[in-house]
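# Observations on the model geometry
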Amino acid sequence: MYYVVSALAGLAFGGLTGYIKYFVLWRKLIRNESAVLTSRQLYLKMGISSLINILILAFIFISRNIVPCDFMIMLLAAAIALSLTGKLAPMKTIAEHIKEDS
């Protein structure tokens with residue numbers, strides 16, 4: 001049961017932070033249908049997204065002695081949740097707003 005609670009805590013934390021990260025990074029496209037991104041902006045946002053994922057996992061690592069859950073299970077579950085929120089994001093909609101650089 002201890003491992004199940006740790007996995008659920010990791011999934012919840014990773015999913016929530018991944019969801020918030022998605023809306024913070026892509027809010028311009030979510031709010032404005034006519035918004036346009038350049039390829040450079042897209043790659044910058046993708047890099048920032050990866051950096052935020054690393055920071056989220058580092059936070060779990062740093063708080064491993066504070067949170068009363070199994071560290072490895074929570075870290076793995078959070079990584080899976082972050083990955084799924086990135087994959088489930090409507091990238092097709094985002095891709096429609098990209099303008100090719102000249």
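Quick summary incoming for the structure in this document. For clarity, every value in this text was computed on a predicted model and none was experimentally measured. (Residues numbered from 1 in each chain as written. Predicted model: local features only at pLDDT ≥ 70, side-chain atom pairs only at ≥ 80, totals over all residues. Heavy atoms only, no water.)

### Section: the overall build of the chain
Looking only at helices and strands, the chain features four helices and two strands. Along the chain direction, N to C, the helices and strands of the chain fall in the order α-β-α-α-α-β. The burial tally for the chain puts 29% of its 102 residues in the buried class. Pairs at least 24 residues apart make up 74% of the contacts formed inside the chain by residues separated by at least 6 positions. (Helix = DSSP H or I, 4+ residues; strand = E, 2+ residues; numbered from the N terminus. Buried < 20%, exposed > 50% of the residue type's maximum accessible area, 1.4 Å probe, protein only. Contact = heavy atoms within 4.5 Å.)

### Brief notes about a nonpolar patch on the surface
Taken together, the side chains of Met1, Val4, Val5, Leu8, Leu11, Leu76, Ile80, Leu84 and Leu88 define a hydrophobic patch exposed on the protein surface, amounting to about 920 Å² of accessible area. Counting residues per element, the ones that place at least two in the nonpolar patch are α1 (2-31) and α3 (71-88). With respect to the element layout, Val4 can be found in helix α1. (Patch = residues over 30% accessible without salt bridge, like charges linked within 9 Å, V, L, I, M, F, W, Y side chains within 5 Å. Areas by Shrake-Rupley, 256 points an atom, 1.4 Å probe, with all protein chains shown as cover. Salt bridge = Lys/Arg side-chain N within 4 Å of Asp/Glu carboxyl O.)

### Brief notes about the nonpolar core
Ranked by size, the top nonpolar core spans eight residues in total: Tyr22, Leu25, Trp26, Leu29, Ala35, Leu37, Leu42 and Ala89. With four residues, α1 is the single largest residue contributor to this core. (Core = buried A, V, L, I, M, F, W, Y, C linked by side-chain atoms within 4.5 Å.)

### Observations concerning helix α2 (residues 39-62)
If you check α2, its first and last C-alpha atoms are 35 Å apart, about what 24 residues at 1.5 Å a residue would give, namely 34 Å. Those residues of α2 not exposed but buried are Ser39, Leu42, Ser49, Asn53, Ile56 and Ile60. (Expected span 1.5 Å × (residues − 1).)

### What to know about α3
Note on helix geometry: an α-helix contains 3.6 residues per turn, so any two residues three or four positions apart are oriented the same way. For α3, which comprises 18 residues, the first-to-last C-alpha distance of 25 Å matches the rise-based estimate of 26 Å (1.5 Å per residue) to within 8%. Within α3, burial applies to Met74, Ala77, Ala78, Ala81 and Leu82. One face of α3 carries all of its buried residues, which in axial projection span an arc of 140°. Relative to its buried face, α3 has exposed residues pointing more than 90 degrees away, namely Met72, Leu76 and Lys87. (Arc of directions from axis to C-beta.)

### Regarding the packing of aromatic side chains
Following the criterion strictly, the structure yields five aromatic pairs and no others. Relative to Phe23, the ring of Tyr19 has its centre 4.8 Å away and its plane inclined at 75°; by these criteria the two rings are edge-to-face. Note that Tyr19 and Phe23 are positioned in helix α1 at a spacing of four residues, about one turn of the helix. Through pairs of rings, three or more aromatic residues link up here, namely Tyr19, Tyr22 and Phe23. (Phe/Tyr/Trp six-rings, centres within 6.5 Å; stacked < 30°, edge-to-face > 60°.)

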